[in-house]
Protein chains: 2
Amino acid sequence: MKEIIRIGKKEKIEDFISKIEGKKPLFICVIGNTETAKIPSISAAGANPDITDYTPAADMEYLIYEKCKSIEGVPITPDGIPTPALITKASIDLAEISLLVASGGLNIHPQTPFLEFGGQPGKNISNGLALNKVSSVFERAKILGEQISKAVDYLVIGESVAGGTTTALGVLTAMGFDASNKISSSLPKNPIGLKIKTVKLGLKNAGIVAGDLKNEPLKAIKLLGDPMQPVHAGIVIGAAERIPVLLAGGTQMSAVLAIVNSINPLISKNLAIGTTRWIIEDKQADLKGLIDQINPDIPILGANLNFNQMKYDGLKAYEQGVVKEGVGAGGSVIASILSTKGMISIDQIHQKIKDNYRRIVLNE
Amino acid sequence: MKEIIRIGKKEKIEDFISKIEGKKPLFICVIGNTETAKIPSISAAGANPDITDYTPAADMEYLIYEKCKSIEGVPITPDGIPTPALITKASIDLAEISLLVASGGLNIHPQTPFLEFGGQPGKNISNGLALNKVSSVFERAKILGEQISKAVDYLVIGESVAGGTTTALGVLTAMGFDASNKISSSLPKNPIGLKIKTVKLGLKNAGIVAGDLKNEPLKAIKLLGDPMQPVHAGIVIGAAERIPVLLAGGTQMSAVLAIVNSINPLISKNLAIGTTRWIIEDKQADLKGLIDQINPDIPILGANLNFNQMKYDGLKAYEQGVVKEGVGAGGSVIASILSTKGMISIDQIHQKIKDNYRRIVLNE
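First, a word on scope: everything that follows refers to the structure included in this document. Since we're looking at a predicted model, the values are computed, not measured.

Turning next to the overall build of chain A. Within chain A, the regular secondary structure consists of 14 helices and 8 strands. C-alpha atoms of chain A, sized along the principal axes, occupy 50 × 40 × 40 Å. Burial analysis of chain A (364 residues in total) assigns 66% to the buried set. Excluding contacts between residues fewer than 6 apart, the proportion of contacts in chain A whose partners are at least 24 apart in sequence is 80%. As displayed, chain A offers around 12,300 Å² of accessible surface, 48% of which is attributable to carbon and sulfur atoms. Charge separation in chain A, taken as the distance between the mean sites of 39 positive and 36 negative side-chain charges, equals 3 Å.

Written out as structure tokens, the structure is:
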């Protein structure tokens, strides 16, 4: 079984992999809160809309302490399926990957050390004005990327933002990309109609139409984005002049890539998307179709995770399309396999995920 | 001319240098504010006592932007002598050393990205209660140290805290070390009587006597320390199990070392002090005498900076004992020389400091 699915131009894929194989990554997880997540039925990143504010902080606490501090248990979907942080934790523990938490803007701060850029939580994008201070946050994140790139081999940058696929749709639409049937969801049945309605209302309230912000990515974030985006894109742009960067996530990463590519297309040779098989095989979305519109040179790597043989329903549910990605799950699996040159196998990661599930969900 | 002064056991010195030579450092500068700095005549880290709150933030902005944002010009002593950040900036720019800012607890936050640990500014230590939340801040800093040590070769950890030698005296005294005539000062005439009086009052108000907190370093910080200390010591303890750490500073670093050594003496083989010639030659202080009381195995490395030939009075003043150290100046010089295996010479650093002075102080 192939452990990493490879999509894109063969030469670009091999070039990127050769640059990171056997090297030590730093994994940065950028977290943020947006009121957009509280629109009923739009996000599964939390047991109910109000608790989505706690999801990013709790994810980070789980990664660091193996136990959340801000909530009981771990973040779950309304159906009780646990956070993809279980996958991330298995990977970074096995390969001893370094983790830094970065705050884009939060209502609930994690009880961990974190990087601060002066950002604030995002408003509901249907208002047509989601964020303040996007430029200054972006500039600070760029500085962090420049600085850290002098000290580490490469970066894996993930996210935890409830509501993040809707804000990704917002930014992509404002920038003129055809994303309406290509954006994924943490729910097995993608509430895409609701997302499109939210974005349309946001465009209307912002007084713009799709494509108006083709060359104004920071304005697109300000009007229709979320607080993760300027930090993520800033770090990528700051770092990728010097080192490779794996954008770790699902279709949210296409919005980050659109922002990055618009501001500095020259760094694309140092970029790849790292995601999960569930995103790549998602019939209700089209990550490849999004990336091809933005920059077809960017490889997509997919962690070939398979939970069909798992004996726990909470993990098997991932095969029915629940959750799919988040907290840099796919990218962290890929980094753990490549950084150890395959010494860590996907089977070991499966085993460790099972152990994590037993400990944290079943309390065994 | 020897570029790096070496003090301590030859074997320990050579072992430490061999571990970091040719390797890439990450420089972390831990900053904090304490009301202790506002005691008249106690600190030269700012043109007047009230502005000392701005010094750490402004130092960081200068390092990153080559221009302060929170104040006009750069931090100066009451006599107009500029911040040692000019030395740090010369070194990290020449050797392309990565910089992360870490906040211990601030009234004025830098307009840069920074690491946050949940700390608060410190009160005047003469109260006998200086800080809250020392344990949780320390634990978070330890996590940061553990995490970052998986991704980088070694750490250089400096500080910018106005009033920091007085709080160092506070912690050392509470822990029972004989520090009263060994602590340095940013002033040419060390106001040691005032510092001792401040610490004595603090001990009295805390209801303890010197040495009572021999084995309670975190309590010593809480009663008589500053917000830099738990973050600095936490990062050191978290990181030094895995990688070498250069404690970059003057006699303030003896307080950090006392805390670290009390909590985990086993990591001492990965530690050294990095300072300047001005600290080593300071007749009104005794860094070696402090380190020998704490752990005589710890090497002291000194950047052999010499400003006698400088044509600018603002730099020449360093030879009269003004400033001496701060913002990790000595450690950053040492790291720039060692990381480049001497490709960067102290003469190049002198030249670059002169250029920095011309640009930022003389506006040429």
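Structure shown, so let's carry the discussion forward.
All names here are of chain A. The terminal C-alpha atoms of helix α6 (residues 192-206), which comprises 15 residues, lie 21 Å apart, in line with the 21 Å expected from a rise of 1.5 Å per residue. Looking at the buried positions of α6, the neighbouring elements they touch are α5 (164-174) and α7 (217-224). Taken from the residues just after α6, G207 is the one with a positive phi, measuring 75°.

Grouped burial of nonpolar side chains is what soluble globular proteins tend to show. The biggest cluster of nonpolar side chains holds 136 residues, and the ones touching the most others in it are I28, L155 and I235 of chain A together with I28, L155 and I235 of chain B. Discounting residues that sit within four places of it in the chain, L155 of chain B has contacts with L26, I28, I148, I235, A239, I243, P244, V245 and L246 of chain B.

Glancing now at the interface of chain B and chain A. Each side of the interface is counted separately: chain B has 27 residues, and chain A has 27 residues. Summed over both partners, the interface of chain B with chain A buries about 2,500 Å², with 61% contributed by carbon and sulfur atoms. Where chain B packs against chain A, one counts 2 salt bridges. With a closest N to O distance of 3.4 Å, E96 of chain B and R242 of chain A form a salt bridge. At the junction of chain B with chain A, the criterion picks out 8 residue pairs in polar contact (both at pLDDT 80 or more). If you list the elements that add at least two residues to the side of chain B that touches chain A, you get β2 (25-32), α2 (55-65), β3 (98-105), β4 (114-116) and α4 (134-148) of chain B. The greatest single-element share of the side of chain B that touches chain A, amounting to 5 residues, is contributed by α4 of chain B. In terms of residue class, the side of chain B that touches chain A is made up of 17 nonpolar, 4 polar and 6 charged. Sheet topology places strand β4 (residues 114-116) of chain A next to β4 of chain B; 3 bridges connect them, and they run antiparallel.

Attention now goes to the pairing of strand β6 (residues 245-248) of chain A. All names here are of chain A. The two faces of β6 match: V245 and L247 on one face and L246 and A248 on the other face are all buried. Sheet topology places strand β5 (residues 154-160) next to β6; 3 bridges connect them, and they run parallel. Across the sheet, L155 pairs through a bridge with V245, a residue of β6. Bridge analysis of β6 against strand β7 (residues 271-276) gives 4 bridges, and the strand direction is parallel. Bridge pairing in β7 places A248 opposite G274. Handedness of the β-α-β unit built from β6, helix α9 (residues 252-263) and β7 comes out right-handed.

To continue, consider the relation of the copies chain B and chain A. You can overlay chain B on chain A at an RMSD of 0.0 Å; the transform is a turn of 180° with a shift of 0.0 Å along its axis. Viewed as a symmetry operation, the transformation between the two copies matches a two-fold axis. Judged by C-alpha distance, L115 of chain B is the residue of chain B that lies nearest the rotation axis, at 2.2 Å. An overlap of 100% is found between the interface residues of chain B and their copies at the interface of chain A, pointing to a shared contact surface.

It is worth spelling out the environment of A174 of chain A at this point. Residue and element names in this part refer to chain A. Note that A174 resides in helix α5. Taking the C-alpha atoms as reference, A174 lies 35 Å from I92; in sequence the two are 82 residues apart. When neighbours within four sequence positions are excluded, A174 is seen to be in contact with L203, I208, A210, G211, D212, L213, K214, A220 and L224.

Thresholds, definitions, all that
- Residues numbered from 1 in each chain as written.
- Chains lettered and ligands numbered in written order.
- Predicted model: local features only at pLDDT ≥ 70, side-chain atom pairs only at ≥ 80, totals over all residues.
- Heavy atoms only, no water.
- Helix = DSSP H or I, 4+ residues; strand = E, 2+ residues; numbered from the N terminus.
- Buried < 20%, exposed > 50% of the residue type's maximum accessible area, 1.4 Å probe, protein only.
- Contact = heavy atoms within 4.5 Å.
- Areas by Shrake-Rupley, 256 points an atom, 1.4 Å probe, with all protein chains shown as cover.
- Lys, Arg positive; Asp, Glu negative; His and termini not counted.
- Charge placed at Lys NZ, Arg CZ, Asp CG, Glu CD.
- Expected span 1.5 Å × (residues − 1).
- Core = buried A, V, L, I, M, F, W, Y, C linked by side-chain atoms within 4.5 Å.
- Buried area = accessible area lost by both parts, 1.4 Å probe.
- Salt bridge = Lys/Arg side-chain N within 4 Å of Asp/Glu carboxyl O.
- Polar contact = N/O pair within 3.5 Å; in protein donor to acceptor, adjacent residues only side chain to side chain.
- Nonpolar A, V, L, I, M, F, W, Y, C, P; charged D, E, K, R; others polar.
- Pairing = 2+ DSSP bridges.
- Right-handed = clockwise from strand over helix to strand, strands pointing away.
- Least-squares fit on C-alpha atoms with pLDDT ≥ 70 in both.

It is worth stressing that arrangement in space is one thing and function is another; only the former is reported here.
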